[in-house]
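Report on the structure
The primary structure of each chain is shown beneath.
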Amino acid sequence: MPAQPEIIRIGQLEIHCLQEAHGACEASCFEMCVPPGSNVPPPHSHSEHEELIYALEGTLRCTVGGAVVNAGGPPDRTKLMATMNEFGLVLAVPATAPAP
């Protein structure tokens, strides 16, 4: 049975630590529950890693490099592929994943 994720509570936010990076080329994974109208972490940056945000329900407004980005809703595949191409990213899907 997998270990229960660490839960961090900050105000109304609930953050579940699902996977913590322990070295180079590893990724941490967090799930954050944000109630409607609550404040999220203040503007910040990470010098040693990147941050990926994906909203499963509702909309989360973020500022990235001075541009306001609304995360959430169905992805715009054209914009997604253009962004991935710009940064040299390749879509990787496990062999067991259902076809889109």
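Report on the accompanying structure.

Details of the overall build of the protein chain
Counting its regular elements, the protein chain contains one helix and five strands. Its helices and strands taken in sequence order, the protein chain reads β-β-β-β-β-α from the N to the C terminus. Taking all 100 residues of the protein chain together, 10% fall into the buried category. Restricting the contact set of the protein chain to residue pairs at least 6 apart, pairs at least 24 apart contribute 7%. Accessible area for the protein chain stands at about 9,100 Å²; split by element, carbon and sulfur atoms hold 58% of it.

A look at a nonpolar patch on the surface
Together, M32, V34 and V40 give the surface a local cluster of nonpolar side chains, amounting to about 190 Å² of exposed area. Its place among the elements puts V34 in the loop between β3 (29–33) and β4 (60–64).

What to know about the pattern of salt bridges
This structure, assessed with the given rule, holds one salt bridge. Between R9 and E14 there is a salt bridge; the shortest N-O distance is 3.5 Å.

Structural notes on the environment of C17
Summarising the element assignment, C17 is placed in strand β2 (residues 13–19). Judged by relative accessible area, C17 falls into the buried class, the value being 11%. In this structure the C-alpha to C-alpha distance between C17 and M32, which are 15 residues apart in sequence, comes to 8.7 Å. Not counting chain neighbours up to four residues away, the residues in contact with C17 comprise P5, E6, C29 and F30.

About the cut-offs
Residues numbered from 1 in each chain as written. Predicted model: local features only at pLDDT ≥ 70, side-chain atom pairs only at ≥ 80, totals over all residues. Heavy atoms only, no water. Helix = DSSP H or I, 4+ residues; strand = E, 2+ residues; numbered from the N terminus. Buried < 20%, exposed > 50% of the residue type's maximum accessible area, 1.4 Å probe, protein only. Contact = heavy atoms within 4.5 Å. Areas by Shrake-Rupley, 256 points an atom, 1.4 Å probe, with all protein chains shown as cover. Patch = residues over 30% accessible without salt bridge, like charges linked within 9 Å, V, L, I, M, F, W, Y side chains within 5 Å. Salt bridge = Lys/Arg side-chain N within 4 Å of Asp/Glu carboxyl O.

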